[in-house]
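Examining the three-dimensional arrangement
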Number of protein chains: 2
Amino acid sequence: MNTNRQWLLAKRPDGMVSRDNFEYTETPIPEAKSGEVLVRNLYLSFDPTQRGWMVDRESYLPPVAIGAPMRAGSIGQVVTSEHADFEAGDLVQTTGGWQDFVIAAPEQGPMGLTKLPVGVTPEMMLSVLGITGLTAYFGLLDLGNPKPGETVLVSGAAGATGSVAGQIAKIKGCRVVGIAGGPEKCQWLKQEVGFDEVIDYKNENVDVRIAETCPNKFDIFFDNVGGDILEAALNHMNMKARIVMCGGISGYNATEPVPGPANLMNLITLRARMEGFIVLDYMPRAGEAIVELLGWISEGQLKYQIDLQEGFDQIPDTLQRLFTGQNLGKQLLKIAEPF
Amino acid sequence: MNTNRQWLLAKRPDGMVSRDNFEYTETPIPEAKSGEVLVRNLYLSFDPTQRGWMVDRESYLPPVAIGAPMRAGSIGQVVTSEHADFEAGDLVQTTGGWQDFVIAAPEQGPMGLTKLPVGVTPEMMLSVLGITGLTAYFGLLDLGNPKPGETVLVSGAAGATGSVAGQIAKIKGCRVVGIAGGPEKCQWLKQEVGFDEVIDYKNENVDVRIAETCPNKFDIFFDNVGGDILEAALNHMNMKARIVMCGGISGYNATEPVPGPANLMNLITLRARMEGFIVLDYMPRAGEAIVELLGWISEGQLKYQIDLQEGFDQIPDTLQRLFTGQNLGKQLLKIAEPF
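In short, a report on the structure. Counting restarts for each chain: residues are numbered from 1 in the order of the written sequence. All chains are assigned letters beginning at A, and all ligands numbers beginning at 1, according to the order in which they are written. Since the coordinates come from a predicted model, pLDDT governs what is reported: local features require at least 70, and pairs of side-chain atoms require 80 or more to be given and counted, while whole-chain, interface and lining totals use all residues. Hydrogens and water are ignored here; the side-chain numbers use all heavy atoms of the structure.

**Section: the packing of helix α3 (residues 131–144) of chain B against helix α4 (residues 160–171) of chain B**
Residue and element names in this part refer to chain B. Our working rule: For every element, the axis is a line fit to its C-alpha atoms; helices are fit only across the contacting stretch, and the angle between N-to-C directions ranges from 0 to 180 degrees. Going along the chain from the N terminus, every DSSP run of H or I of four or more residues is numbered as a helix, and every run of E of two or more is numbered as a strand. For this classification, under 35 degrees means roughly parallel, over 145 means roughly antiparallel, 65 to 115 means roughly perpendicular, and everything else is oblique. Crossing handedness is defined as follows: a turn of the near helix away from the far one that is anticlockwise and smaller than a right angle gives a left-handed crossing, while the clockwise case is right-handed. Throughout, a contact is declared for two residues whenever any of their heavy atoms are within 4.5 Å.
It is the contact of α3 with α4, at a shortest axis distance of 8 Å, that shows an interaxial angle of 45°. Taken together, α3 and α4 sit at an angle that is classed as oblique. As α3 runs across α4, the sense of the crossing is right-handed. On α4, the residues that touch T132, G133, T135, A136, Y137, L140 and L141 of α3 are A160, T161, V164, A165, I168 and A169.

What follows is the structure in structure tokens.
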């Protein structure tokens with residue numbers, strides 16, 4: 001291969017993101033300068049937050065420029081290295097983007113450039129030990145502060161972040177109720193992952209079912225969804241409840257502003273808190289999280305699921321899977337084999 | 001006087017509270033039993049939260065029952081005492097309700113029964129040193145945690161709570177911007193109270209004016225209003241902003257649920273927090289607050305304003321003044337002179 005295949009952001013989305021927002025192109029393979037490495041991407045990570053990066057508005061990262069390769073986390077392999085800490089063949093994590101090759105350096109881009117720890121697979125590094133797992137870990141523990149015996153409600157519970165957040169809550173001695181879409185996801189959560197109760201938002205009345213499954217209300221709501229599900233949840237808070245605002249996928253593809261919950265003032269009477277966070281702030285503490293997560297995995301206390309697609313041409317469609325709820329577990333796509 | 005005049009809650013409000021929600025009656029003067037005192041109410045306190053007490057729904061206090069005297073904080077004078085700590089003539093604070101006489105005891109009702117400290121007037125005790133002042137004190141300091149140089153935005157800024165919150169923020173070295181209704185309130189805040197900037201929400205575009213008056217955005221929003229003003233504010237948060245949810249007066253008389261802010265997800269990208277509180281939780285710490293507030297008053301650093309109405313027949317209309325924004329400062333009503 002002597003070209004760099006790329007999917008560029010061609011136009012900003014209005015409503016549901018689609019293949020039309022991107023444009024395929026081929027460019028020369030770039031060359032690493034001193035202090036840099038040339039990485040070949042093997043696995044791309046798909047995350048709901050990518051939808052936000054496509055919009056031209058100030059956020060925690062600058063928007064992807066029109067005509068630039070779409071931003072994405074990735075696992076790749078070093079092809080050539082001009083950096084003393086890396087050599088050809090190393091498996092690395094970086095912000096590879098939707099392309100075959102990327103120039104990377106440790107201090108460059110939101111994810112920098114790090115070697116995979118020994119024994120950690122690319123699938124693990126892009127899921128339970130990566131952004132989604134760390135998001136669950138720091139969001140639940142730092143903002144949620146779960147105590148044994150408390151009830152933890154999780155939306156987007158079958159997702160890569162939600163499923164890990166719920167399992168960490170179980171490990172911390174909490175009762176865990178998950179909200180997910182469809183019987184397959186709900187069954188997986190209850191029978192394999194070990195959630196105490198599940199709510200199928202596609203087939204059940206969420207408000208009624210939270211009341212049924214949380215007889216003592218909830219102390220923590222780990223929310224990935226926002227919208228109607230957040231509003232339903234706000235009816236069932238315990239005193240001093242903590243709402244960990246991780247995401248709002250229900251609104252990411254909206255064309256009009258989506259009204260917020262009409263019952264927000266319940267936060268006052270119940271002395272409750274809603275708090276947002278961005279996992280990138282916690283990167284200096286990633287090491288402690290990875291050690292603990294690895295321990296739980298090896299003890300069989302923490303399960304994770306990968307939804308692995310294949311093929312460079314499938315990249316745009318794979319992003320859409322997140323917003324239609326098709327993915328079961330962390331959405332990845334493989335675009336090359338290691339050499 | 002040998003009857004106890006009362007205004008009873010006659011029917012629950014649907015929309016704006018009015019005189020029709022209450023019924024005037026006269027009953028015999030009650031008698032204090034052992035451990036109790038008979039209090040004659042002199043001053044009644046009017047607070048936006050009373051609107052919530054009229055609704056039949058679970059909250060931080062039980063709803064006022066239909067046919068019961070409307071609940072209200074009050075300053076009164078002990079008429080007869082069957083409690084060793086009180087004697088006839090003592091000026092006391094209690095939850096007197098909309099009536100001439102009430103039976104009170106230290107452990108009874110949300111406010112209990114406390115003597116006014118020496119040198120503290122009823123007006124001070126029901127405003128800057130009372131529920132509204134303590135709400136400002138604990139909400140701003142405990143939830144807001146202001147640091148010198150930060151920008152603090154206050155809605156309902158000319159109100160009894162908002163004006164004190166803003167002044168405490170000034171004392172703590174913050175830049176303070178207030179949102180209030182009408183030129184009279186705005187002028188008072190800027191020229192007499194010492195706010196740095198004011199926004200007249202009745203005559204100005206709040207979103208535009210927050211941008212203009214908060215060039216560095218805000219670090220704390222002390223919100224008494226909710227609704228559109230909250231939504232506008234959420235566009236101008238600094239990183240790690242704290243939104244102190246004190247009240248939502250814009251929605252208290254709504255007949256339909258009012259949608260929440262469409263931009264709530266800004267809390268995520270800015271790692272910001274919204275938190276509610278009820279001042280009754282802080283009553284064990286009231287002493288420390290009163291000492292500090294009194295110090296600031298005596299040093300001329302803390303101003304307060306009383307809107308004093310008179311006459312027992314004016315009680316229902318005086319409550320309405322809060323929701324039409326007629327009051328300038330803490331709304332009180334005097335129903336009797338001390339003997």
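**Brief notes about the sheet that holds strand β12 (residues 237–245) of chain B**
Put simply, the rule is: Note: two strands are recorded as paired if DSSP finds a minimum of 2 bridges between them.
Spatially, the twelve strands line up as an open sheet ordered β10(A)-β9(A)-β8(A)-β11(A)-β12(A)-β13(A)-β13(B)-β12(B)-β11(B)-β8(B)-β9(B)-β10(B), and their pairing is mixed. Two strands close off the open sheet at either side, each with one partner strand: β10 (197–200) of chain A together with β10 (197–200) of chain B. For this sheet the average axis-to-axis angle between neighbouring strands, irrespective of direction, equals 15°. By the bridge criterion, five bridges tie strand β8 (residues 151–155) of chain A to strand β9 (residues 175–180) of chain A in an arrangement that is parallel. Looking at the pairing, L153 of chain A lines up with V177 of chain A of β9 of chain A. Taken strand by strand, helix α3 (residues 131–144) of chain A contacts β8, β11 (218–223), β12 (237–245) and β13 (273–276) of chain A, and its axis lies near 145° from that of β11 of chain A. Most of the contacts of helix α5 (residues 183–193) of chain B go to β10 of chain B, to which it runs at about 170°, and overall it touches β9 (175–180) and β10 of chain B.

**Some points on the packing of aromatic side chains**
Where we set the bar: When the centres of two rings from Phe, Tyr and Trp lie within 6.5 Å, Trp using its six-membered ring, the rings pair. Their planes under 30 degrees apart give stacked, over 60 give edge-to-face, and anything left gives tilted. Exposed residues in this analysis have more than 50% of their type's maximum accessible area, buried residues have under 20%, and partly exposed residues fall in between, with area computed by a 1.4 Å probe over protein chains only. Here, over-ring charges are defined by two tests on the NZ atom of lysine or the CZ atom of arginine: distance to the ring centre within 6 Å, and angle to the ring normal within 35 degrees.
Counted according to the given criterion, the structure contains 18 aromatic pairs over all chains. Judged by centre distance (6.2 Å) and plane angle (40°), the ring pair of Y137 of chain A and W296 of chain A falls under tilted. Of this pair, Y137 of chain A sits in helix α3 while W296 of chain A sits in helix α9 (residues 286–298); the two residues are 159 residues apart in sequence, bridging distant segments of the chain. Here the aromatic rings of F22 of chain B and W98 of chain B are separated by 4.6 Å at their centres, their planes lie at 50°, and the arrangement is tilted. In this pair, F22 of chain B is assigned in strand β2 (residues 22–28) and W98 of chain B in the loop between β5 (91–94) and β6 (101–104), connecting sequence segments 76 residues apart. An identical accessibility class is assigned to F22 of chain B and W98 of chain B; each is buried. K115 of chain A extends its terminal NZ or CZ atom over the ring of F86 of chain A, reaching a point 5.7 Å from the ring centre.

**A look at the pairing of β8 of chain A**
Taken residue by residue, a regular strand's side chains alternate between the two faces of the sheet. Residue and element names in this part refer to chain A. Formally: We call a crossover right-handed when, viewed with the strands running away from us, the connection from the first strand over the helix to the second turns clockwise.
When you tally the buried positions in β8, you get five out of five residues, the bulk of the element. With burial as the criterion, each face of β8 is covered, one bearing T151, L153 and S155 and the other bearing V152 and V154. On the question of chirality, the crossover connecting β8 to the parallel β9 by way of helix α4 (residues 160–171) is right-handed. Two strands pair when backbone bridges link them, and β8 and β11 are joined in this way by three bridges, in the parallel orientation. Among the inter-strand pairings, V154 is bridged to a residue of β11, identified as F222.

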